[in-house]
Amino acid sequence: MNRTKKQKFLQSLRKLPLGWLLSFVIKLGWAAVFGGLMLLAIIVTRYVELPWLARADWLFLWAVAVQLVLLLTKLEKPHEVITIFVFHLVGLGMEIFKTSNTIGSWQYLSVGFFHAGNVPLYSGFMYASVGSFIARAWRVLDLKYTNSPRKLHSLLLAVAIYINFFTHHYIFDFRWLLLALMALFYWRCDIHYRINQRQHHMPFLLSAFLSAFFIWVAENIGTFTQSWLYPSQEQHWHFVSLQKLSAWLLLMYISFVLIDILHYLRQKRLAERQQKC
């Protein structure tokens, strides 16, 4: 869609009742294109048996192919691909630990050839989908934050949260304390986003909760299609407990902090280059 057609399309949306909301949903969907395509592949491969390779291998190859297409068509920026790679490693490390024989928090029913331990490599792309969404939303919605805490404090809290995902199996689970600290740090923080050339805003904590809820919905689709299962779902499938929202909320926080730091470093490099020129 060229610039003129895009402007006409946006102008037509403004004339609709709640046109800004429709624009907002469309932009969110565009930001979540990688995650949406991954979720589509998970559903399709559950009901369509593909030849030659295991289901997990097809999902891995699909994820790689989608990334290449998005990059080659310039729908995704090179720095966003770097972000996705970082999230892939962060998520894969957690997956290997959580699915180990000693922990067994959940298990994958198809591992395939492309795997690490008990974890198919496509699983890292599911975490990368979260990172991709935030990184693309930052650009698509022109995100800005106000009243946010110091970056060092945010980073230390994110590190503590990530460590707690591992250590709570051996010592006390500090997730509720960590959630309280996150609320304390960000209760005044607002996200500002641009829709139809107008600025809107919402509380950061609300946006984080809504994101965590949609991840929970996607997780239920993943377990329903038997991509992975929790121990309590092995005999009879049921919805994932709403208590998992706390884990996804903490994961969203880690994702936001990583993107924020990467964005800050990129902006700093660009500013330094402009000064040299």
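Student: Can you break down the pattern of salt bridges residue by residue, with the values?
Tutor: By the definition in use, this model includes four salt bridges. Across the salt bridge formed by Asp142 and Lys144, the nearest N and O atoms sit 3.0 Å from each other. Between Lys151 and Asp260 there is a salt bridge whose closest N-O contact spans 2.9 Å. Of this pair, Lys151 sits in helix H7 (residues 151–167) while Asp260 sits in helix H10 (residues 244–276), placing them 109 residues apart in sequence.

Student: Help me get a handle on the pairing of strand E6 (residues 198–203), residues and values and all.
Tutor: Across six bridges, strand E5 (residues 190–195) lies against E6 in antiparallel orientation. Considered in E6, the bridge of Tyr193 is made with His200.

Student: Please provide a residue-by-residue account of the nonpolar core, values included.
Tutor: Formed by 69 residues in total, the largest nonpolar core has its most connected members in Phe204 and Tyr253. The leading source of residues in this core is H10, at twelve residues. Those residues in contact with Tyr253 that lie beyond four places of it in its chain are Ser154, Leu157, Ala158, Ile161, Met182, Tyr186 and Phe204.

Student: Which residues make up a nonpolar patch on the surface, and what values do they have?
Tutor: Together, Tyr170, Ile171, Phe172, Phe174, Leu177, Leu181, Leu184 and Trp187 make up a nonpolar patch on the protein surface, roughly 910 Å² of accessible area in all. For Leu177, a relative accessible area of 48% corresponds to the partly exposed category.

Student: Kindly report on the pairing of E5, identifying the contributing residues and their values.
Tutor: As paired strands, strand E4 (residues 144–146) and E5 are joined by three bridges and run antiparallel to one another. The partner of Tyr145 across the bridge, within E5, is Ile191. Hairpin geometry of E5 and E6 is characterised by an intervening segment of two residues between the two adjacent antiparallel strands and by a positive phi of about 50° at Asn196.

Student: Got a sec to walk through the packing of helix H5 (residues 78–98) against H7? Specific residues and values, please.
Tutor: Two elements in contact, H5 and H7, have axes whose closest approach is 10 Å; the angle formed by their N-to-C orientations is 20°. The angle between H5 and H7 places the two elements in the roughly parallel class. The crossing of H5 and H7 is left-handed. Judged by residue contacts, Val90, Gly93, Met94, Phe97 and Lys98 of H5 engage Tyr162, Phe165 and Phe166 from H7. Residue classes in the contact of H5 with H7 are distributed as six nonpolar, one polar and one charged.

Calculation criteria
Residues numbered from 1 in each chain as written. Predicted model: local features only at pLDDT ≥ 70, side-chain atom pairs only at ≥ 80, totals over all residues. Heavy atoms only, no water. Salt bridge = Lys/Arg side-chain N within 4 Å of Asp/Glu carboxyl O. Helix = DSSP H or I, 4+ residues; strand = E, 2+ residues; numbered from the N terminus. Pairing = 2+ DSSP bridges. Core = buried A, V, L, I, M, F, W, Y, C linked by side-chain atoms within 4.5 Å. Buried < 20%, exposed > 50% of the residue type's maximum accessible area, 1.4 Å probe, protein only. Contact = heavy atoms within 4.5 Å. Patch = residues over 30% accessible without salt bridge, like charges linked within 9 Å, V, L, I, M, F, W, Y side chains within 5 Å. Areas by Shrake-Rupley, 256 points an atom, 1.4 Å probe, with all protein chains shown as cover. Axes fitted to C-alpha atoms, helices over the stretch in contact; angles between N-to-C directions. Parallel < 35°, antiparallel > 145°, perpendicular 65-115°, else oblique. Left-handed = near helix turned anticlockwise from the far one by under 90°. Nonpolar A, V, L, I, M, F, W, Y, C, P; charged D, E, K, R; others polar.

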